[in-house]
Amino acid sequence: SRIQPNYWGGVVVDVPLGRQTLWTLQTGLIYERNPLSGLRLDSTATTFGFGSETTSITWQPRQMSSLQIPLKLHRPIFPGHRISLGLGVQYLLGTRGELTESTTVNELPVETTTTTEGGLTYGIRRWGFNPQVGYEVKVAPRLRAGIQYQWSARSLIQLEKWTQETPNRLSGLQFTLNYRVW
C-alpha cells in the first residue's frame, strides 16, 4: 500500500478533569483533507429507438474534506511526556474527483468527457467514528510533538458500494504538532 499524506489543522483545548487528577480532556474542531485512491463507481444506461444509445458514467473520488471533533483523554507518564486515548467524531463536508461520461450510439463511440467535480457523496457516509491512541512529548515550553494512530471503526467510505482497485481505509499514523497559545 502506498503512503498518502493527509492535511489537517484546527483548534483544540485541554480541560483538566479536576484539581487532584492528572487527566485532561482534549476537544476542539479539526479540518481534514484526505486523499482517496482505488475507488471507482460505474453506472451504465441504454436507451433504444431506431438504434441504441449507451451512456456510461464513472466516478472516481480523489480527495475528501471533513470536520473532526476529537474527544481524547490525556495522562502524563513522565515529566514532559503524555499518552492519550480517545475518539474522533468525523463529519463529511464533501469530495472532489473525476467524473467520466462516455456515449456510444449503435456500439460506436461518440463522445467521452472527463471533468473534475466536487460534492458527490454517494457511497460515502456523512458521519464516521475513529478510535485514537497516541503519545506526545514536550519539545519547547509551549510546543508538543506527537504521534497517534487513528483506526476507522466506522469509515466514511461505504466499501460495499464501490468497485475497488485497492482497499481504502482512513486508518493510519498521524504526526502532530500542538502549540499552546495561553
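See the structure above.
Since the structure is predicted, the reported quantities are computational estimates derived from the model, not experimental observations.

## A closer look at the overall build of the chain
- From N to C terminus, the chain includes 0 helices and 10 strands.
- For the chain, the proportion of contacts with a sequence separation of at least 24, taken over those separated by at least 6, is 64%.

## Here's the deal with the pairing of strand β3 (residues 39–48)
- As judged from the 8 bridges shared by β3 and strand β4 (residues 52–78), these two strands associate in the antiparallel manner. Along β4, the bridge assignment pairs D42 with T58.
- Where β3 folds back on β4, the antiparallel hairpin that results is connected by 3 residues.

## A look at the pattern of salt bridges
- For the coordinates displayed, the defined rule picks out 3 salt bridges.
- With a closest N to O distance of 3.1 Å, D14 and R82 form a salt bridge. Here D14 is found in strand β1 (residues 7–16), whereas its partner R82 is found in strand β5 (residues 81–105), with 68 residues between them in sequence.
- The exposure class assigned to R82 is buried, which follows from its relative accessible area of 8%.
- With a shortest N-O distance of 3.5 Å, E98 and R62 are connected by a salt bridge.

## Observations concerning the pairing of strand β8 (residues 143–150)
- Relative to β8, strand β7 (residues 127–140) is paired through 8 bridges, and the arrangement is antiparallel. Within β8, the position partnered with A140 by the bridge is L143.
- Two successive antiparallel strands, β7 and β8, enclose a turn made up of 2 residues.
- Taken together, the 8 bridges between β8 and strand β10 (residues 172–179) define a ladder with antiparallel strand orientation. Counterpart to I147 in the pairing with β10 is F175.

## Looking at a nonpolar patch on the surface
- A cluster of nonpolar side chains, namely I77, F78, I83, L85, V133, Y135, I147, Y149, W151, L173 and F175, defines an oily patch on the protein surface of about 1,100 Å² accessible area.
- At the level of elements, β4, β5, β7, β8 and β10 are the ones that each hand at least two residues to the nonpolar patch.
- Here I77 is to be found in strand β4.
- Overall, I77 belongs to the partly exposed group, its relative accessible area being 36%.

What counts and what doesn't
Residues numbered from 1 in each chain as written. Predicted model: local features only at pLDDT ≥ 70, side-chain atom pairs only at ≥ 80, totals over all residues. Heavy atoms only, no water. Helix = DSSP H or I, 4+ residues; strand = E, 2+ residues; numbered from the N terminus. Contact = heavy atoms within 4.5 Å. Pairing = 2+ DSSP bridges. Salt bridge = Lys/Arg side-chain N within 4 Å of Asp/Glu carboxyl O. Buried < 20%, exposed > 50% of the residue type's maximum accessible area, 1.4 Å probe, protein only. Patch = residues over 30% accessible without salt bridge, like charges linked within 9 Å, V, L, I, M, F, W, Y side chains within 5 Å. Areas by Shrake-Rupley, 256 points an atom, 1.4 Å probe, with all protein chains shown as cover.

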